[in-house]
Amino acid sequence: MVTNLHKLGTEVSDSIWIVGGTRSGKTARLVEQFCIWSQTVKPVPPKVSDGWRSGRRRARQTAPAILVLAANGDNRLELADRIAVATQGKYTFHSTTPFGFFEQEVLLFWPLLVQSLETRAQFPLRLQPETELELAARLWRRELDEGILQQTGVSPNRMVRRTLDLLQLAAVSGTPREEIPSILEQGFAGDGGSNNLWTSMGELLERWREWCLTRGLLTYGIVCELYWRYLLQDGTYQQHLASRYQAVIADDVDDYPAISGHLFDRMLDFGAAGAFSYNPDGGVRLGLGADTEYLARLENRCQSVENLDAKAGLAPEIGDLAVSLAVNSEGFYPLGLSLPSKVRSLETTSRAQLLRETAEIIVDAVKSKAVEPQEIAVIAPGMDAIARYSLTEILARDRIAAVSLNDQRPLSSTPEIRALLTLLALVYPGLGRLVDRDGAAEMLVVLGSQKHRSLETEDSHPTFNLKSQIPNQKSIDQVRAGLIADHCFCPDIDRPQLLAITAFPRWDRLGHRAAAAYEQIVEWIEQQRSQQQERLLPSPIALLDRAIQKFLMNDRYLPYDRLSALRELMETAGHYWEIQGRLQRVEPTNGGESETIAHFIQLLRQGTVTANPFPVRSEGPEAQAVTLANIFQYRSSRRAHKWHFWLDAGSPLWLSGGAATLFGAPLFLRSQQGHPWQTEEETAADQQRLRRILLDLLSRCSLLYLCHSELAVNGQEQTGPLLPLIHSSVSCQQSA
């Protein structure tokens with residue numbers, strides 16, 4: 001047992017377990033507790049004297065003594081801000097997420113892991129999910145081609161993702177990876193795959209893990225396994241952990257993975273105090289790695305338990321009734337049932353009509369000053385592209401902005417990104433198969449939508465120049481771009497190019513502005529080609545940055561979502577080339593730079609969904625906008641709005657919360673391991689999830705519209721679990 005090094009000369013109160021529903025004041029209580037501890041908790045310099053640790057001594061002498069954890073990045077920012085305001089910024093603390101902490105510790109103490117794993121001493125790089133999927137698919141290509149890694153109705157890419165997710169689920173649950181095949185065999189009991197498949201999955205994961213560690217590459221699953229299985233068991237690391245933190249504050253532990261409980265147990269054993277908030281109706285990430293029930297046992301480690309009984313929003317009025325109707329009614333509802341006027345129903349025959357009428361209600365409410373746009377949220381089990389586009393366009397006609405919450409769309413769905421990928425194929429050689437006439441035309445429209453200084457007088461001041469006040473002028477529209485591409489785009493396998501504007505016999509019909517814009521684009525591309533041939537172009541990332549600065553950010557206003565997409569592209573590209581550089585150093589290949597660029601372009605065009613960039617809050621018009629989100633995104637953000645519109649309220653997807661559960665996830669819950677997953681258990685889990693969703697969302701609004709169409713997008717009748725609640729609301733409206 002590691003001795004308690006850090007409580008010498010300080011006094012920290014007993015650990016506290018704070019339990020309460022949504023918006024009951026749990027986070028505020030944690031902030032209050034932080035303020036109390038900040039008066040007594042002081043950092044104590046650790047005793048380090050040997051080797052690589054001595055180089056970090058000075059930094060750790062002033063290291064924060066309180067660890068503050070939140071469920072995700074957005075929640076972390078909000079919690080950190082609230083603490084900073086409450087303490088007037090006078091006390092430093094370490095703020096992160098559970099996985100962020102695991103990753104930081106693995107990187108910080110990598111030399112310890114190198115010794116225990118006997119692997120190469122090279123600084124590790126973490127793989128993003130999209131790169132992880134590509135590399136694993138390459139490594140397992142033979143097994144995929146031969147049908148060894150195959151399930152009926154599952155695509156090869158999805159099969160690779162499922163297999164990788166199993167390593168992640170095992171790691172976050174604290175399960176040895178060697179037990180994965182036996183857990184699958186016991187859990188599915190022959191349903192969903194053969195024993196040979198489970199064995200093959202286990203063997204492939206072993207090969208993948210070894211391949212990554214040999215090259216110094218880390219994934220989410222590998223990071224978590226290295227932390228709980230090796231680092232957290234290391235005596236030297238335990239001493240450092242004990243000396244660094246005197247207290248830990250963790251918000252919403254119901255969304256934490258099981259190995260977070262291992263960390264908290266260690267810290268409490270070493271004498272640290274803990275303050276934990278827990279929401280029985282939370283568990284947003286159940287099925288995605290969280291183990292709500294396992295974390296609940298931390299209550300037994302706390303000397304003080306505080307129950308916050310406050311209820312918010314509509315939950316006190318109709319929470320229990322809504323749960324009873326949706327979960328227990330089996331399609332029936334009692335006659336004469338009375339729902340408050342704050343619950344309203346909107347019913348249509350088609351979904352298109354539903355989207356239109358929903359938007360019209362929002363417009364009328366905003367115009368009448370009944371509610372502000374930022375006080376409205378439209379929530380659906382699946383916020384598809386049709387709903388998002390329709391609502392955004394209809395609201396925009398009345399100058400009402402709409403913003404999608406954590407919109408996880410493929411980068412290639414953004415015109416600016418597609419244009420930049422086409423630009424790469426035009427500058428670098430050997431990429432002619434990746435650019436066609438339509439791609440070239442779209443690129444001209446996007447890059448030609450700037451205000452060209454060459455068309456103005458040089459002494460014109462931007463403040464007084466009328467043209468400078470017009471955002472995103474389209475010098476080249478779709479029609480002109482199509483004509484130019486038809487006559488000036490010259491396809492070629494090695495060197496496709498854009499010819500001079502005079503290659504179009506009637507170029508004079510395009511207009512001076514379009515012709516000048518096109519020539520400027522062609523001239524810029526030729527300059528980059530020349531620099532690339534002379535090795536003066538540092539990298540494709542440099543080319544992307546130049547293009548963004550030249551064509552997309554110069555004298556132009558871009559909406560927040562487009563800026564976010566460009567940031568995602570640059571982060572993804574930087575990560576991709578960093579990984580490729582590592583692989584080339586470890587095992588050089590004959591493929592040149594163009595081959596790497598081709599893989600990158602194809603990866604994005606296949607619809608790869610990249611992680612959101614580092615969270616940055618929108619300001620200006622985007623902050624005064626209606627929020628569009630699916631259930632999972634909205635609950636994860638832990639936001640609240642006065643008005644809720646539950647779109648597709650009759651959809652059966654409400655039972656699953658709109659979030660896809662990872663394959664085999666229930667089998668890795670600590671309470672489930674070693675037991676088969678029965679149909680009855682799945683039904684009970686779905687009902688419990690629906691109960692949590694209803695109570696959680698009802699606590700986040702004070703007026704609710706149940707928006708239901710008889711027919712779904714595919715024309716089928718809607719038969720979801722909320723129908724009894726919808727019918728009850730309709731009856732109450734008619735009687736009123």
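Remember, predicted model here, so these are calculated numbers, not experimental data.

Rules used in this analysis
- Residues numbered from 1 in each chain as written.
- Predicted model: local features only at pLDDT ≥ 70, side-chain atom pairs only at ≥ 80, totals over all residues.
- Heavy atoms only, no water.
- Pairing = 2+ DSSP bridges.
- Helix = DSSP H or I, 4+ residues; strand = E, 2+ residues; numbered from the N terminus.
- Axes fitted to C-alpha atoms, helices over the stretch in contact; angles between N-to-C directions.
- Contact = heavy atoms within 4.5 Å.
- pLDDT = per-residue confidence, 0-100.
- Parallel < 35°, antiparallel > 145°, perpendicular 65-115°, else oblique.
- Left-handed = near helix turned anticlockwise from the far one by under 90°.
- Nonpolar A, V, L, I, M, F, W, Y, C, P; charged D, E, K, R; others polar.
- Buried < 20%, exposed > 50% of the residue type's maximum accessible area, 1.4 Å probe, protein only.
- Right-handed = clockwise from strand over helix to strand, strands pointing away.
- Phe/Tyr/Trp six-rings, centres within 6.5 Å; stacked < 30°, edge-to-face > 60°.
- Lys NZ or Arg CZ within 6 Å of the ring centre and 35° of its normal.
- Expected span 1.5 Å × (residues − 1).
- Arc of directions from axis to C-beta.
- Polar contact = N/O pair within 3.5 Å; in protein donor to acceptor, adjacent residues only side chain to side chain.
- Salt bridge = Lys/Arg side-chain N within 4 Å of Asp/Glu carboxyl O.

A. Highlighting the sheet that holds strand S2 (residues 66-69). Across the sheet, six strands lie side by side as S3-S2-S6-S7-S1-S8; this open sheet has parallel pairing. Each end of this open sheet is capped by a strand with a single partner; those strands are strand S3 (94-96) and strand S8 (304-308). Put simply, the sheet's adjacent strands are angled 10° from each other on average, direction ignored. Direction of pairing for strand S1 (residues 16-20) relative to S8: parallel, over a ladder of five bridges. Of the residues in S8, the one forming a bridge with valine 19 is asparagine 307. The strands that helix H4 (residues 98-108) touches are S2 and S3; relative to S3, the one it contacts most, it runs at about 115°.

B. A look at the confidence of the model for the protein. The pLDDT averaged across the protein works out to 86; a share of 86% of its residues lies at or above 70. The secondary-structure element of the protein with the lowest mean pLDDT is helix H2 (residues 57-61), recorded at 44, while strand S15 (residues 643-646) shows the highest, at 98. Under a pLDDT of 50 for its full length, residues 451-472 has, in the predicted model, 24 contacts with residues more than four places off or in other chains.

C. Representation of the packing of helix H18 (residues 415-427) against helix H24 (residues 593-605). In contact at an axis separation of 11 Å, H18 and H24 are set at 160° when each is read in the N-to-C sense. If you check the angle between H18 and H24, you find them roughly antiparallel. As H18 runs across H24, the sense of the crossing is left-handed. Contact residues: Leu421, Thr422, Leu424 and Ala425 in H18; Ile597, Phe600, Ile601, Leu604 and Arg605 in H24. Along the lines of polarity and charge, the residues of the contact of H18 with H24 split into seven nonpolar, one polar and one charged.

D. Just the sheet that holds strand S16 (residues 703-709), in detail. What the six strands build is an open sheet, ordered S9-S16-S15-S10-S14-S11; its pairing is parallel. Single-partner strands in this sheet number two, and they are strand S9 (343-348) and strand S11 (401-404). Here the strands of the sheet are splayed against their neighbours by 20° on average, with no regard to which way each runs. On the sheet, helix H16 (residues 351-367) packs against S9, strand S10 (376-380), strand S14 (625-630), S15 and S16 and is oriented at approximately 140° with respect to S9. Here helix H26 (residues 679-698) sits on the sheet and contacts S10, S15 and S16; the angle it forms with S15, its principal contact strand, is near 150°.

E. Structural detail: the environment of leucine 308. By the secondary structure assignment, leucine 308 is in strand S8. Along the sequence, leucine 308 and glycine 20 sit 288 residues apart, while their C-alpha atoms lie 4.8 Å from each other. What leucine 308 contacts, discounting residues up to four positions off in sequence, is Ile18, Val19, Gly20, Gly21, Ser24, Gly25 and Lys26.

F. Quick peek at the pairing of strand S6 (residues 247-250). Both faces of S6 are covered, namely the face carrying Ala247 and Ile249 and the face carrying Val248 and Ala250. Note: S6 against strand S7 (residues 273-278), four bridges, orientation parallel. In the sheet register, alanine 247 faces S7, and the bridge partner there is alanine 273. Note on the crossover from S6 through helix H13 (residues 258-269) to S7: the handedness is right-handed.

G. Representation of the packing of aromatic side chains within the structure. Applying the stated rule across the entire model yields 25 aromatic pairs. Ring plane angle 80° and centroid distance 5.7 Å describe the contact between phenylalanine 34 and tyrosine 91, whose orientation is recorded as edge-to-face. One end of the pair, phenylalanine 34, is in helix H1 (residues 26-38); the other, tyrosine 91, is in the loop between helix H3 (73-86) and S3, and 57 residues separate them in sequence. The pair phenylalanine 34 / tyrosine 91 is uniform in exposure class, with both members buried. Between tryptophan 524 and phenylalanine 551 the ring centres are 5.2 Å apart and the planes differ by 85°, which places this aromatic pair in the edge-to-face class. In this pair, tryptophan 524 sits in helix H21 (residues 512-533) while phenylalanine 551 sits in helix H22 (residues 540-552), placing the two residues 27 residues apart along the sequence. Of the two residues examined, tryptophan 524 and phenylalanine 551, each falls in the buried class. Counting every residue linked through ring pairs, the aromatic cluster contains Phe101, Phe102, Phe109, Tyr227, Tyr237 and Tyr245. Here the guanidinium or amino end of arginine 670 rests over the ring plane of tyrosine 294, the centre of that ring lying 5.2 Å away.

H. Region of interest: helix H17 (residues 385-397). When the terminal C-alpha atoms of H17 are compared, their 18 Å separation across 13 residues agrees well with the 18 Å that a helix rising 1.5 Å per residue should span. Within the span of H17, buried status applies to Ala387, Arg388, Leu391, Ile394 and Leu395. In an axial view of H17, the angular spread of the buried residues amounts to 150°, which keeps them on one side of the axis. In H17, the exposed positions angled more than 90 degrees off the buried face are occupied by Ala385, Tyr389 and Arg397. Of the surrounding elements, those touching the buried residues of H17 are H16, S10, S11 and S14. Between a side-chain oxygen at the N-terminus of H17 and the backbone nitrogen of isoleucine 386 the separation is 3.0 Å; the capping residue is aspartate 384. Directly after H17, the chain includes arginine 399, whose backbone phi takes a positive value near 60°.

I. Representation of the pattern of salt bridges. Applying the stated criterion across every chain yields a total of 38 salt bridges. Across the pair glutamate 146 and arginine 142 runs a salt bridge, and its minimum N-O distance is 3.0 Å. Using a relative accessible area of 47% as the deciding quantity, one classes arginine 142 as partly exposed. The residue glutamate 375 makes a salt bridge to lysine 642 at a minimum N-O spacing of 3.5 Å. Of this pair, glutamate 375 sits in the loop between H16 and S10 while lysine 642 sits in the loop between helix H25 (631-637) and S15; the two residues are 267 residues apart in sequence, bridging distant segments of the chain. The class of lysine 642 is partly exposed, set by a relative accessible area of 45%. Salt bridges here are not isolated pairs; linked through shared partners, they connect Arg177, Glu178, Glu206, Arg209, Glu225 and Arg229.

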